[in-house]
Amino acid sequence: ERGVGLGRKLAGKVGQALHLNGTNSVIVPARSSMDVGVGNTDFSVAFWFNLDGVWFDHGIFAKAPEYGSSGGRLILEKQGSGRLLFTIATQSEKWETGAARTPLTPKRWTHIAFVKAGGDVKLFLDGKIDVRQALKAPVLPNIDRVAMSTFGGFDDVRLYNRALLDREVAEFAG
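Just so we're clear, the structure is a prediction, and the values are computed from it rather than from any experiment. (Residues numbered from 1 in each chain as written. Predicted model: local features only at pLDDT ≥ 70, side-chain atom pairs only at ≥ 80, totals over all residues. Heavy atoms only, no water.)

Draft legend 1. How the structure looks around the overall build of the protein. Secondary structure summary: the protein contains one helix and 13 strands in total. The linear arrangement of helices and strands in the protein, starting from the amino end, is β-β-β-β-β-β-β-β-β-β-β-β-β-α. Of all 174 residues assigned to the protein, the portion counted as buried reaches 49%. Counting only contacts in the protein whose residues sit at least 6 apart along the sequence, the fraction spanning at least 24 positions is 65%. For the protein, the exposed surface amounts to about 8,300 Å²; the carbon and sulfur share of it is 52%. (Helix = DSSP H or I, 4+ residues; strand = E, 2+ residues; numbered from the N terminus. Buried < 20%, exposed > 50% of the residue type's maximum accessible area, 1.4 Å probe, protein only. Contact = heavy atoms within 4.5 Å. Areas by Shrake-Rupley, 256 points an atom, 1.4 Å probe, with all protein chains shown as cover.)

Written out as structure tokens, the structure reads:
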């Protein structure tokens, strides 16, 4: 993990959490145990997030290659409205995107989960499906690093090589 020393610890939803101030980031180098979507397989990402404020667009979580490189990618970013935008690389288009309907509430822990199951993706907020979207094509394999950076706290970040069930996401968020 690079950049961890730039963040500070804070009380999290599950033990200690890491707070980032928008100028620092955490980068977890790629390793095979973190590969997702290889062969269009299902996967999930879940974590607790505490947003400092909603003043501008900013990336939150990326499972993607270095900027400018090609390959599979999943990016979650916060728009100025406070809503999450997801971007995922598929075989038919460079990226497919979708936006949450519900804005994040600043200064409050929110459980975020992104689930790719079959030909659909779902974005959950606090254990409830906020948006469900059919993909136009299979996802590209993602064998890249994980990067987290924004104004806020991260806790209990998990990557799964399977689609979490709706009830599992609800339990984790409970």
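Let's pick the thread back up.
Draft legend 2. Structural view of the nonpolar core. Ranked by size, the top nonpolar core spans 31 residues in total, and within it Phe47, Ile112, Phe114 and Leu123 carry the most contacts. A total of five residues in this core trace back to one element, the largest contributor, which is strand β4 (residues 43–51). Dropping the residues within four chain positions of it, Ile112 is found in contact with Val45, Ala46, Phe47, Phe49, Leu76, Leu84, Leu104, Leu123, Phe124 and Leu125. Counting residues in each nonpolar core, the second largest holds eight residues, with Ala113, Phe124, Ala163 and Val169 among its members. (Core = buried A, V, L, I, M, F, W, Y, C linked by side-chain atoms within 4.5 Å.)

Take it as geometry only, folks, not as evidence of what the structure does.
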